[in-house]
Amino acid sequence: MRSIAFREAIREAMSEEMRRDDKVFLMGEEVAEYNGAYKVSQGMLAEFGPKRVIDTPIAELGFTAVGVGAAQNGLKPIVEFMTWNFAVLALDQILNTASKMLAMSGGQISCPIVFRGGNGSAGQLGAQHSTAFESYYANIPGIKVVSASNGYDAKGLLKQAIRYEQDPVMFMESELMYGDKSDVPDEEYYIPLGKADVKKTGRDVTIVSYNKMMKVALNAATELEKEGISAEVVDLRTIKPLDWKTILESVKKTNRLVIVEEQWPFSSISSEITYRIQKEGFDYLDAPIRRICSADAPMHYAPNLAALAIPNVEGTVKLVKEVMYMKK
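Residues numbered from 1 in each chain as written. Predicted model: local features only at pLDDT ≥ 70, side-chain atom pairs only at ≥ 80, totals over all residues. Heavy atoms only, no water.

Some words on the overall build of the protein
Scanning the protein for helices and strands turns up 12 helices and 14 strands. Expected size for 328 residues packed as a compact globule is a radius of gyration near 20 Å; at 20 Å, the protein falls within 12% of this value. Seen through its C-alpha atoms, the protein measures out along the principal axes to roughly 60 × 45 × 40 Å. Counting across all 328 residues of the protein, residues that qualify as buried make up 56%. (Helix = DSSP H or I, 4+ residues; strand = E, 2+ residues; numbered from the N terminus. Rg over C-alpha atoms; globule rule 2.2 N^0.38 Å. Buried < 20%, exposed > 50% of the residue type's maximum accessible area, 1.4 Å probe, protein only.)

In structure tokens form, the structure reads like this:
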């Protein structure tokens, strides 16, 4: 085992797959000469050369179209968006071409492409650079969505997406996690998409989260432990396909569910989870399902207002106590 940063885990996943298969290549803004905006692709240009690590113009729609066309002609592109907020400019190619071509071609043309980059809020970036996009893309048929919370999961999931997936994969990262350290084994490994992971076992309540909100969920579980409340924490890892069965098995044990996510509340991932669990596990619930989301408003630049808008440990602990019917 080695302790490496999240950005290094992503880099290792891409580099290992590029060494294995010369059809895999990386393209995006500043991925080559500058070593990546967040230094995720550091050193890759020197190893693989400018034909496989390609700097693009600031033209998301254009280079996304190039990547989609390459994927439909037998290559395996990794398209990096400096932030997923910029990917909305390329939504036409993602929604109307990448996600639909397999169906429109009667199964003849697949699109094995990975789109990846920073997602969600990341400090004082203002409203236009702070949106979490998991629910946006999970709503599109033909697309898979991954949102990892640590380097170990990120590496295994990204290798799986590059090597085996024939559908477009939206790989959501976070600028705030690129420096986080994780233990990653020396041997090669892959993590199948669509499998949630129980990060902490517990008996009293299930807390579900993903991406950087897993820090909130796990820290809340630690605080709850001090008060004698045992929380089980489930990391979704893959948003679509959604492993709601793992959540259901946890709820069967704990009888309570709290969901922590960075999405806006309307039509969010928590909305889908709540529907699934109440439909399949209503008789196991001893309290209403509760959730804590980001405020239903654009993200402010001011740090005090940004902090109020995003889920936190205190709010999560409060919700858990409510579903436990504990006195405030």
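Text resumes after the structure shown.
Some words on the pattern of salt bridges
Counted under the stated rule, the structure contains 28 salt bridges. For Glu322, the salt bridge goes to Lys318, with nearest N and O atoms at 2.8 Å. Of this pair, Glu322 and Lys318 both sit in helix H12 (residues 313–323), 4 residues apart, roughly one helical turn. A residue is classified by how much of its surface remains accessible, and Lys318, at 44% relative accessible area, is partly exposed. Among the ionic contacts, a cluster of salt bridges with common partners joins Arg2, Glu12, Glu16, Glu17, Arg20, Asp21, Lys155, Lys159, Asp186 and Glu188. (Salt bridge = Lys/Arg side-chain N within 4 Å of Asp/Glu carboxyl O.)

Here we look at the packing of helix H9 (residues 244–254) against helix H10 (residues 269–281)
Helix-helix packing: each pair is described by the crossing angle between the helix axes and the interaxial distance. The contact between H9 and H10 brings their axes to 10 Å, and the two run at 55 degrees. In terms of their interaxial angle, H9 and H10 are classed as oblique. Seen from above, H9 lies across H10 with right-handed handedness. The segment H9 lies against H10, with Trp244, Ile247, Leu248 and Val251 engaging Ile273, Arg276, Ile277, Glu280 and Gly281. A breakdown of the residues in the contact of H9 with H10 according to their chemical character gives 6 nonpolar, 1 polar and 2 charged. (Axes fitted to C-alpha atoms, helices over the stretch in contact; angles between N-to-C directions. Parallel < 35°, antiparallel > 145°, perpendicular 65-115°, else oblique. Left-handed = near helix turned anticlockwise from the far one by under 90°. Contact = heavy atoms within 4.5 Å. Nonpolar A, V, L, I, M, F, W, Y, C, P; charged D, E, K, R; others polar.)

Structural notes on the layout of surface pockets
What the largest pocket holds in volume is close to 400 Å³. Contributing to the lining of the largest pocket are 18 residues, with Ser135, Ala138, Ser267, Ser268 and Ile269 lying nearest its centre. Taken together, the elements giving at least two residues each to the lining of the largest pocket come down to helix H6 (134–138), strand E12 (238–240) and H10. Of the residues forming the lining of the largest pocket, the biggest block, 4 residues, is contributed by H10. Considering only residue class, the lining of the largest pocket consists of 8 nonpolar, 6 polar and 4 charged. The volume enclosed by the second largest pocket comes to roughly 180 Å³. Taken together, 13 residues form the lining of the second largest pocket, with Ser121, Gly123, Leu176, Lys212 and Ile310 sitting closest to its centre. For the lining of the second largest pocket, the secondary-structure elements that each account for two or more residues are helix H8 (213–225) and helix H11 (303–309). Class assignment of the residues belonging to the lining of the second largest pocket gives a composition of 8 nonpolar, 3 polar and 2 charged. (1 Å grid on protein atoms, 1.4 Å probe; cavity = no way out; pocket = protein on both sides within 12 Å on 5 of 7 lines; lining within 4 Å. Points joined across faces, edges and corners; volume = space filled by probe spheres on them.)

Don't take any of this as a statement about function, it's just geometry.
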